[in-house]
Amino acid sequence: MAQIISGTEISKKIQLALKDEVTKMMAENDGFRPGLAIVQVGGREDSNVYIRMKIKSATEIGINATHYKFPRTITETELLAELDKLNRDPKVHGIIVQMPLDADNLIDSHKITDYVDPGKDVDG
């Protein structure tokens, strides 16, 4: 017989475990706080909703989440330069590039996601 499970209950347990892990990490490493960069190009409302949820979830477990919102007019070269800064930033431990890229200019999304440091690629 099948067993009914509660996604909400499982989610709460996972969040509590992650919060405990982050708290322990911070206690063991004085001054350390995990940093998450969420990169967005443009302003699609569906993307904005997802980003707000990601920031809320990250903040609840103790992660410093920062939203990097770039204009639709950004070029591929400019976006790669911004990602390079985040890749090299020691306070950024994870990077999410919100898809789709809502850009006026042609930007190769695969090139962008491949450019994220694999050690920081949250979606990887």
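Coordinates for the structure precede this section.
Just so it is clear, the structure is predicted and the values come from calculations on it, not from any experiment.

Draft legend 1. Representation of the side chain of Gln40. Turning to its location among the elements, Gln40 is positioned in strand β1 (residues 35–41). A distance of 2.8 Å separates a polar atom in the side chain of Gln40 from a polar atom in the side chain of Asn48. At 2.7 Å, the side chain of Gln40 forms a polar contact with the side chain of His67. Once residues lying within four places of it in the same chain are set aside, the contact partners of Gln40 are Ser47, Asn48, Ile51, His67, Tyr68, Lys69, Phe70 and Gln98.

Draft legend 2. Local environment of the pattern of salt bridges. With the rule as written, the count across this model stands at eight salt bridges. With a shortest N-O distance of 2.8 Å, Glu60 and Lys56 are connected by a salt bridge. Taken together, the positions of Glu60 and Lys56, both in helix α2 (residues 45–60) and four residues apart, correspond to about one turn of that helix. Notably, a salt bridge pairs Arg72 with Asp104, separated by 2.7 Å at the nearest N-O pair.

Draft legend 3. Structural detail: the nonpolar core. By size, the foremost hydrophobic cluster in this structure holds 16 residues, and its most contacted members are Val39, Leu79, Leu83, Ile95, Val97 and Ile112. Where this core is concerned, the elements lending two or more residues are β1, α3 (76–88) and β3 (94–97). Top element by residues in this core is α3. It accounts for four residues. Setting aside residues no more than four positions away along its own chain, Leu79 makes contact with Val39, Val41, Phe70, Ile74, Leu101, Ile107 and Ile112. Ile38, Ile61, Ile63 and Ile96 belong to the second largest nonpolar core, which has nine residues in total.

Draft legend 4. A look at the sheet that holds strand β2 (residues 64–70). Here we have three strands laid out as an open sheet, ordered β2-β1-β3, and parallel in their pairing. The open sheet has two free edges, formed respectively by β2 and β3, since each of these has just one partner strand. On average, adjacent strands in this sheet sit at an angle of 20 degrees to one another, irrespective of strand direction. With four bridges connecting them, β1 and β3 associate as parallel partners.

Draft legend 5. Quick peek at the pairing of β1. Counting buried positions along β1 gives seven out of seven residues, so the element sits mostly inside the fold. The alternating pattern of β1 places Gly35, Ala37, Val39 and Val41 and Leu36, Ile38 and Gln40 on opposite faces, both of which are buried. Judged from the seven bridges that link them, β1 and β2 form a sheet pairing that is parallel. Paired with Ile38 across the bridge in β2 is His67. At this point the chain moves from β1, through α2, to the parallel β2, and the crossover so formed is right-handed.

Draft legend 6. Structural context of a nonpolar patch on the surface. Where nonpolar side chains cluster on the molecular surface, the patch consists of Ile5, Ile10, Ile14 and Leu18 and spans about 370 Å² of accessible area. Residue placement: Leu18 occurs in helix α1 (residues 7–28).

Draft legend 7. Representation of α2. The first and last C-alpha atoms of α2 sit 23 Å apart over 16 residues, in line with the 22 Å expected at 1.5 Å per residue. Turning to α2, the residues buried within the fold contact β1 and β2. One or two residues past the end of α2 sits Gly62, with phi positive at roughly 100 degrees.

Cut-off values and rules
Residues numbered from 1 in each chain as written. Predicted model: local features only at pLDDT ≥ 70, side-chain atom pairs only at ≥ 80, totals over all residues. Heavy atoms only, no water. Helix = DSSP H or I, 4+ residues; strand = E, 2+ residues; numbered from the N terminus. Polar contact = N/O pair within 3.5 Å; in protein donor to acceptor, adjacent residues only side chain to side chain. Contact = heavy atoms within 4.5 Å. Salt bridge = Lys/Arg side-chain N within 4 Å of Asp/Glu carboxyl O. Core = buried A, V, L, I, M, F, W, Y, C linked by side-chain atoms within 4.5 Å. Buried < 20%, exposed > 50% of the residue type's maximum accessible area, 1.4 Å probe, protein only. Pairing = 2+ DSSP bridges. Axes fitted to C-alpha atoms, helices over the stretch in contact; angles between N-to-C directions. Right-handed = clockwise from strand over helix to strand, strands pointing away. Patch = residues over 30% accessible without salt bridge, like charges linked within 9 Å, V, L, I, M, F, W, Y side chains within 5 Å. Areas by Shrake-Rupley, 256 points an atom, 1.4 Å probe, with all protein chains shown as cover. Expected span 1.5 Å × (residues − 1).

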